[in-house]
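# Results of the structural survey
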Amino acid sequence: MNIFNDTKEFKIVELLEKAGHQAFFVGGCIRDYLIHEDFVGGCVRGESGSTFKFEDIDIATSASPEESKKALSGEFSEFNLVGERFGVLMVEDVEIAQFRSETYTPENLGKPEVQPSSSIEEDASRRDFTMNALYMSSNGEVFDFNKGVMDIGYKTVRAVGNAEERFSEDPSRILRMFYLASRFGFSIESETLKAAQSKKELIKEIPDALVGKIVKKVLSQNKLAEFLFMLNDAELLDTVFPEFEHTLNK
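Owing to the predicted nature of the structure, the values given are computational and were not obtained by experimental measurement.

Cut-off values and rules
Residues numbered from 1 in each chain as written. Predicted model: local features only at pLDDT ≥ 70, side-chain atom pairs only at ≥ 80, totals over all residues. Heavy atoms only, no water. Salt bridge = Lys/Arg side-chain N within 4 Å of Asp/Glu carboxyl O. Helix = DSSP H or I, 4+ residues; strand = E, 2+ residues; numbered from the N terminus. Buried < 20%, exposed > 50% of the residue type's maximum accessible area, 1.4 Å probe, protein only. Pairing = 2+ DSSP bridges. Contact = heavy atoms within 4.5 Å. Axes fitted to C-alpha atoms, helices over the stretch in contact; angles between N-to-C directions. pLDDT = per-residue confidence, 0-100. Parallel < 35°, antiparallel > 145°, perpendicular 65-115°, else oblique. Nonpolar A, V, L, I, M, F, W, Y, C, P; charged D, E, K, R; others polar. Arc of directions from axis to C-beta. Polar contact = N/O pair within 3.5 Å; in protein donor to acceptor, adjacent residues only side chain to side chain.

A few words on the pattern of salt bridges. Enumeration according to the criterion identifies 15 salt bridges in this entry. Across the pair Asp128 and Arg176 runs a salt bridge, and its minimum N-O distance is 3.8 Å. With a gap of 48 residues between them, Asp128 in the loop between helix H4 (120–125) and strand E10 (134–136) and Arg176 in helix H7 (residues 172–184) connect regions that are remote in the sequence. Where Asp170 meets Arg176, a salt bridge forms, and the shortest distance between an N and an O atom there is 3.5 Å. Note on Asp170: relative accessible area 12%, which makes it buried. Classification of Arg176 by relative accessible area gives partly exposed; the value is 24%.

Laid out in C-alpha cells, this is it:
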C-alpha cells in the first residue's frame, strides 16, 4: 500500500516504471507525511481510514523530459516543457524532474548549472536538507541516503553534506532552514547552524522577492513570532530584518 494510491501522481510513477524508468515521490510530501504519521519498517502507513492532505507531490525520475512525455502520452495530454533545460516536465500541475547534479559559481548563486544524472544517490546529494532528500517508491519503500528519517525522528533540521557548501550555493537556504524549524518546532543541528552564521553576509544577496516568498510561507503557517525569535537567537535577525531587531531586544 502506498500513501499516494488513487492519485494521478501514483499513476505517473506507475507509467514511468512500466516504461523501464526509475521513478519516485520525493521531497516535502514525504517529509510532511513522516512528521505527521507513523513510520514502520521502511514503509509509511497511516491509521486505518485516515487521510493526509499534501501541499504538492513532486516526482523524481531517471527519465529525461522527452522520455517522460513519451511514457505518459497514452494517459495524459497536458505537457509543459518550459523547464526542460533543468530536466523538468510539468504534467498537468505535477512536476516531474529528472535526476540531476548541480554546479554553482559565485556568479550564479541560487541558479545552478544543471547536469542530468542516472543516479538517485547523486540527486539526493544536491538537495538542501536531509528531511527534503527522501524518496518513496510505488510500493511505499522509503529511500534515505542522508539520515533524513533519523533527523525527523530527532526533530532536527540538518543540511545535506557540507552545510557551508549548501549555503554558499544558495543563501536562501538559510532562511528556508529557519522556516522549516519554526514551522515544525524543530531545532537546528549545531554544525548546520554554525555554517549559517558563518555565511550570514550572503543573506544580503537573496533577492527581496524571494525573501518575501519565504516570509509568506512563514505567515501561512502562523509562525512569524517563532521565525523571528529563532533568527534573533542565532544572532542573524539584524542581518535579515534589521528593522525588527529592536522589537525583540527590549
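Bringing the sheet that holds E10 into the picture now. Strand pairing in a sheet is mediated by backbone hydrogen bonds. Such pairs are either parallel or antiparallel. The 7 strands lie next to each other as E5-E6-E7-E4-E1-E10-E11, forming an open sheet whose pairing is mixed. At either margin of the open sheet sits one strand with a lone partner, and together these are strand E5 (79–80) and strand E11 (142–144). Pairing analysis gives 4 bridges linking strand E6 (residues 88–91) to strand E7 (residues 94–98), with the strands arranged antiparallel. Paired with Val88 across the bridge in E7 is Ala97. Here helix H1 (residues 8–18) sits on the sheet in contact with strand E1 (23–26), strand E4 (58–61), E6 and E7, set at roughly 150 degrees to E1. The strands that helix H2 (residues 28–36) touches are E1, E4 and E10; relative to E1, the one it contacts most, it runs at about 55 degrees.

Another point: the confidence of the model for the protein chain. When the pLDDT values of the protein chain are averaged, the result is 86; 83% of them are 70 or greater. Taken together, the stretch residues 38–50 has pLDDT below 50 and engages in 24 contacts with residues farther than four places along the chain or on a different chain.

This part takes up the packing of H7 against helix H9 (residues 208–220). Where H7 meets H9, the axes come as close as 10 Å, and the angle between the chain directions of the two elements is 5 degrees. The orientation of H7 with respect to H9, classified from their angle, is roughly parallel. Of the residues in H9, those touching H7 at Ser172, Leu175, Arg176 and Tyr179 are Leu210, Val211, Ile214, Lys217 and Val218. Residue classes in the contact of H7 with H9 are distributed as 6 nonpolar, 1 polar and 2 charged.

This part takes up helix H8 (residues 190–198). For H8, every residue scored as buried is listed here: Thr192, Ala195 and Ala196. Down the axis of H8, the smallest arc covering the buried residues is 100 degrees, so these residues share one side. Against the buried residues of H8 lie strand E12 (156–157), helix H6 (163–169), H7 and strand E13 (187–188). The N-terminus of H8 is capped by Glu189, whose side-chain oxygen sits 3.1 Å from the backbone nitrogen of Glu191.

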